[in-house]
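Chain residues, written in single-letter form:
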Amino acid sequence: MSLFDLAMPAMRCLDPETAHRITVRTLGAGLGPVDHSTAPSALRQRIWGLDFAHPVCMAAGFDKSAECWRGLQRLGVGAVEVGTVTPRPQAGNPRPRLFRLPDDRAVINRNGFNNAGLDVAKARLMNRDRRTGIVGINIGANKDTADPVDDYVMGMRQLAPLADYVTINVSSPNTPGLRDLQGEGPLGRLLTAALQVRTEVCREAGPPVLLKIAPDLADGQLQAIVETAVACGVDGLIVSNTTIARPDSLQSRSRSEPGGLSGRPLFSPSTRVLARAFRVAAGRLPLVGVGGIEDGATAYAKIRAGARLVQLYTALVYKGPGLFRRIRDDLAARLAADGLTRIEDAVGLDADRLADG
Ligand SMILES: Cc1cc2nc3c(=O)[nH]c(=O)nc-3n(C[C@H](O)[C@H](O)[C@H](O)COP(=O)(O)O)c2cc1C
């Protein structure tokens with residue numbers, strides 16, 4: 001257990017945004033724990049031409065302005081996704097905007113894409129040594145933009161050359177109108193424009209482009225999104241962002257705060273959408289599973305629902321940075337217990353059962 005893990009209870013006495021700031025600064029200054037262990041070889045995968053040492057990755061929203069991606073890599077994550085980065089710097093919504101729901105092992109955030117903007121992220125990623133690990137860049141639109149498509153095009157133009165993969169985030173609930181971009185017409189226009197720019201600015205094929213979607217989608221909407229993504233040439237889907245739903249089970253004081261809910265209560269709904277996306281995609285797109293992962297069991301369940309890779313954020317708030325390694329090692333044990341030798345062999349094994357559930 002690292003000093004960082006030991007400091008977790010104290011961090012939880014601070015307001016959540018201050019605790020997050022301290023963690024980002026500490027990791028950014030190179031003062032975080034370092035994992036020297038090697039991932040079990042059964043967890044290795046090559047996806048989109050990238051070599052993932054294992055599938056347990058850091059979700060977007062933790063390192064919004066590319067301040068501490070190197071510190072996150074040192075924790076031993078499979079990949080780090082920085083952002084969401086918007087073209088211009090943005091203060092986000094007024095505080096408080098981040099709430100712990102401890103009794104539910106959840107968080108509600110309505111941050112509203114607070115980030116330092118494209119130029120700052122670019123400067124921080126410019127001279128990155130790509131051998132230290134995989135960095136994805138998640139791009140979005142400014143709240144007051146005249147045309148959101150222009151913002152994604154600008155993000156792609158400036159950041160694609162620096163990214164191992166790019167995520168197009170159309171699923172944050174905290175930027176008014178953003179999720180409407182998941183509609184078939186707007187999505188087709190956005191993806192066509194963004195992928196066109198990727199080819200213009202990158203030598204050879206450019207980085208893979210993933211689309212991150214909401215969990216709050218009816219079956220018809222999900223099907224249309226997957227088909228549009230495939231038709232436009234998107235390389236993968238991230239399922240899912242936070243939910244605007246508020247399950248009756250929530251117990252914590254802050255349960256009615258507006259914003260996106262993440263963590264344990266998101267696990268079941270986001271895993272169901274993942275399984276449905278797996279069935280619709282039918283092998284045409286690799287999927288990344290996110291939402292409520294907090295241990296080896298939940299990570300393995302996402303993989304069996306259809307994910308090649310998994311990401312997490314909220315569980316870190318409750319369990320600390322040693323979590324990545326614990327989940328990684330537990331995943332390897334679960335694979336072996338099922339008599340499987342490679343992670344790919346488990347992908348989607350439970351998809352049909354979960355999609356119909
Ligand atoms: C405080 C906070 C900020 C987030 N910010 C972003 C963001 O900027 N962009 C994004 O695509 N997702 C963002 N997310 C969503 C996460 O990347 C992830 O999809 C979601 O939290 C579900 O995973 P989890 O249950 O493991 O937290 C944020 C989540 C949290 C908790």
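This is a predicted model, so every value here is computed, not measured.

## Examining the site of the ligand
- A60, T84, K212, G292 and T314 are the nearest of the 25 residues found near the ligand.
- Within the side chain of T84, a nitrogen or oxygen atom sits 2.7 Å from a nitrogen atom of the ligand.
- K212 is positioned such that a nitrogen or oxygen atom in its side chain is 2.8 Å from an oxygen atom of the ligand.
- Going through the elements one at a time, β4 (80–85), β6 (106–109) and β11 (260–263) are the ones with two or more residues in the shell around the ligand.
- Its residues placed into classes, the shell around the ligand shows eight nonpolar, 15 polar and two charged.

## Notes on the packing of aromatic side chains
- Across all of its chains, the model carries three aromatic pairs by this definition.
- For the pair W48 and F52, a centre-to-centre distance of 6.3 Å together with 70° between the ring planes defines the contact as edge-to-face.
- Look at W48 and Y165: their rings are 6.5 Å apart centre to centre, the planes differ by 40°, and that puts the pair in the tilted class. Here W48, found in the loop between β1 (45–47) and β2 (50–52), pairs with Y165, found in strand β8 (residues 165–169); they are 117 residues apart in sequence, far enough to count as distant.
- Residue class for W48 comes out partly exposed when judged on its relative accessible area of 22%.
- A connected cluster of aromatic rings, assembled from ring pairs, spans W48, F52 and Y165.

## Focus on the sheet that holds β6
- The strand order across the open sheet formed by three strands is β5-β6-β11, and the pairing between neighbours is antiparallel. For this open sheet the edge positions go to β5 (98–101) and β11, each flanked by a neighbour on one side alone. The mean inter-strand angle of the sheet, taken between neighbouring strand axes irrespective of direction, is 20°.
- The pairing of β6 with β11 spans four bridges and is antiparallel. Bridge assignment links N109 to a residue of β11, and that residue is G260.

## With respect to the packing of helix α6 (residues 148–159) against helix α7 (residues 184–201)
- The interhelical angle for the contact between α6 and α7, taken along N-to-C directions, is 25°, at an axis separation of 9 Å. Comparing the axis directions of α6 and α7 gives the class roughly parallel. The two elements α6 and α7 cross, and the hand of that crossing is right-handed. In contact with V149, Y152, V153, M156 and R157 of α6, α7 contributes R189, L190, A193, A194, V197, R198, E200 and V201.
- Considering only residue class, the contact of α6 with α7 consists of nine nonpolar, no polar and four charged.

## Side note on the environment of R97
- Mapped onto the fold, R97 is located in the loop between β4 and β5.
- Sequence-wise, R97 and T271 are 174 residues apart; in three dimensions their C-alpha atoms are separated by 26 Å.
- At 2.8 Å, the side chain of R97 and the backbone oxygen of N93 are in polar contact.

Calculation notes
- Residues numbered from 1 in each chain as written.
- Predicted model: local features only at pLDDT ≥ 70, side-chain atom pairs only at ≥ 80, totals over all residues.
- Heavy atoms only, no water.
- Near = heavy atom within 4 Å.
- Polar contact = N/O pair within 3.5 Å; in protein donor to acceptor, adjacent residues only side chain to side chain.
- Helix = DSSP H or I, 4+ residues; strand = E, 2+ residues; numbered from the N terminus.
- Nonpolar A, V, L, I, M, F, W, Y, C, P; charged D, E, K, R; others polar.
- Phe/Tyr/Trp six-rings, centres within 6.5 Å; stacked < 30°, edge-to-face > 60°.
- Buried < 20%, exposed > 50% of the residue type's maximum accessible area, 1.4 Å probe, protein only.
- Pairing = 2+ DSSP bridges.
- Axes fitted to C-alpha atoms, helices over the stretch in contact; angles between N-to-C directions.
- Parallel < 35°, antiparallel > 145°, perpendicular 65-115°, else oblique.
- Left-handed = near helix turned anticlockwise from the far one by under 90°.
- Contact = heavy atoms within 4.5 Å.

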